[in-house]
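# Chain and residue survey
As a plain string of letters, each chain reads:
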Amino acid sequence: MPPDVERSALGLVARGLLAALLLLAAIPAYLAFAPSWRAAAVRVACAAIVIIGCARVIRGVRGSIEGHTPSALDAPPPMSPAPELDERLLRLRDDLVFSTRSRRYFDVILWPRLGELAGGTLPRPAERRRGIRRRGPSLKTLESLIALVEKRP
């Protein structure tokens, strides 16, 4: 494979030869047109040359843009890390959410914990039914139960 300098020189010579052949073919075609159509034929040929040249320039610009890494100013800012929450807080939040969705989870997991904290004097919340499934108490009911636990000494 020839070096890049030789390849570019060969490409330039090949393009020049192709342009000369096209010019030699265009002269008889130009003379074959009626004199009233010659100006239009020249305009169409020039428009084709301009379109081909613009397409090459656009392709070259896109290639040069894609080849370079973006500036630090153009790059999007890095994502900030999500705040880390305490594991105990996450478990308590999950307990509350699951308790509102499932009466069984509330009865087996959360109610015994609340009973231990309150000393067994908490009023048991009423059951909610939604369709076939038994739903646990609402967040408002759980909030009032926790407020009662917090008031105890």
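## With respect to the packing of helix α3 (residues 87-101) against helix α4 (residues 103-118)
- Two numbers describe how α3 lies on α4: the axes approach to 7 Å, and their chain directions differ by 140°. For the element pair α3 / α4, the angle class is oblique. At the point where α3 passes α4, the crossing takes the left-handed sense. Across the interface between the two elements, Asp95, Leu96, Phe98, Ser99 and Arg101 from α3 touch Arg103, Tyr105, Phe106, Ile109, Leu110 and Arg113 from α4.
- Taken together, the residues of the contact of α3 with α4 sort by class into six nonpolar, one polar and four charged.

## Some points on the environment of Arg124
- Counting through the fold element by element, Arg124 comes out in the loop between α4 and β1 (128-130).
- Using a relative accessible area of 45% as the deciding quantity, one classes Arg124 as partly exposed.
- Put simply, Arg124 and Arg134 are 10 residues apart on the chain and 15 Å apart in space, counted from C-alpha to C-alpha.
- Setting aside its immediate chain neighbours within four residues, Arg124 contacts Arg103, Asp107 and Trp111.
- Here the side chain of Arg124 touches Asp107 through a polar contact of 2.8 Å, side chain to side chain.

## Comments concerning the layout of surface pockets
- If you add up the space inside the largest pocket, you get close to 490 Å³.
- Leu22, Ala26, Ala45, Cys46 and Ile49 are, among the 16 residues lining the largest pocket, the residues nearest its centre.
- Considering each element in turn, the lining of the largest pocket owes the most residues, eight residues, to helix α2 (residues 35-67).
- The class makeup of the residues in the lining of the largest pocket is 14 nonpolar, one polar and one charged.
- Reported here for the second largest pocket is a volume of approximately 220 Å³.
- Leu92, Leu96, Leu110, Arg113, Leu114, Leu117, Ile146, Val149 and Glu150 are the residues that line the second largest pocket.
- If one sorts the elements of the lining of the second largest pocket by residue count, α4 sits on top with four residues.

## Some thoughts on the nonpolar core
- Among the nonpolar cores identified, the biggest contains nine residues, and these are Phe106, Leu110, Trp111, Leu114, Ala118, Leu122, Leu142, Leu145 and Val149.
- Taken together, the elements giving at least two residues each to this core come down to α4 and α5 (139-151).
- With five residues, α4 is the single largest residue contributor to this core.
- Once residues lying within four places of it in the same chain are set aside, the contact partners of Leu114 are Leu122, Leu145, Ile146 and Val149.

Definitions and limits used
- Residues numbered from 1 in each chain as written.
- Predicted model: local features only at pLDDT ≥ 70, side-chain atom pairs only at ≥ 80, totals over all residues.
- Heavy atoms only, no water.
- Axes fitted to C-alpha atoms, helices over the stretch in contact; angles between N-to-C directions.
- Helix = DSSP H or I, 4+ residues; strand = E, 2+ residues; numbered from the N terminus.
- Parallel < 35°, antiparallel > 145°, perpendicular 65-115°, else oblique.
- Left-handed = near helix turned anticlockwise from the far one by under 90°.
- Contact = heavy atoms within 4.5 Å.
- Nonpolar A, V, L, I, M, F, W, Y, C, P; charged D, E, K, R; others polar.
- Buried < 20%, exposed > 50% of the residue type's maximum accessible area, 1.4 Å probe, protein only.
- Polar contact = N/O pair within 3.5 Å; in protein donor to acceptor, adjacent residues only side chain to side chain.
- 1 Å grid on protein atoms, 1.4 Å probe; cavity = no way out; pocket = protein on both sides within 12 Å on 5 of 7 lines; lining within 4 Å.
- Points joined across faces, edges and corners; volume = space filled by probe spheres on them.
- Core = buried A, V, L, I, M, F, W, Y, C linked by side-chain atoms within 4.5 Å.

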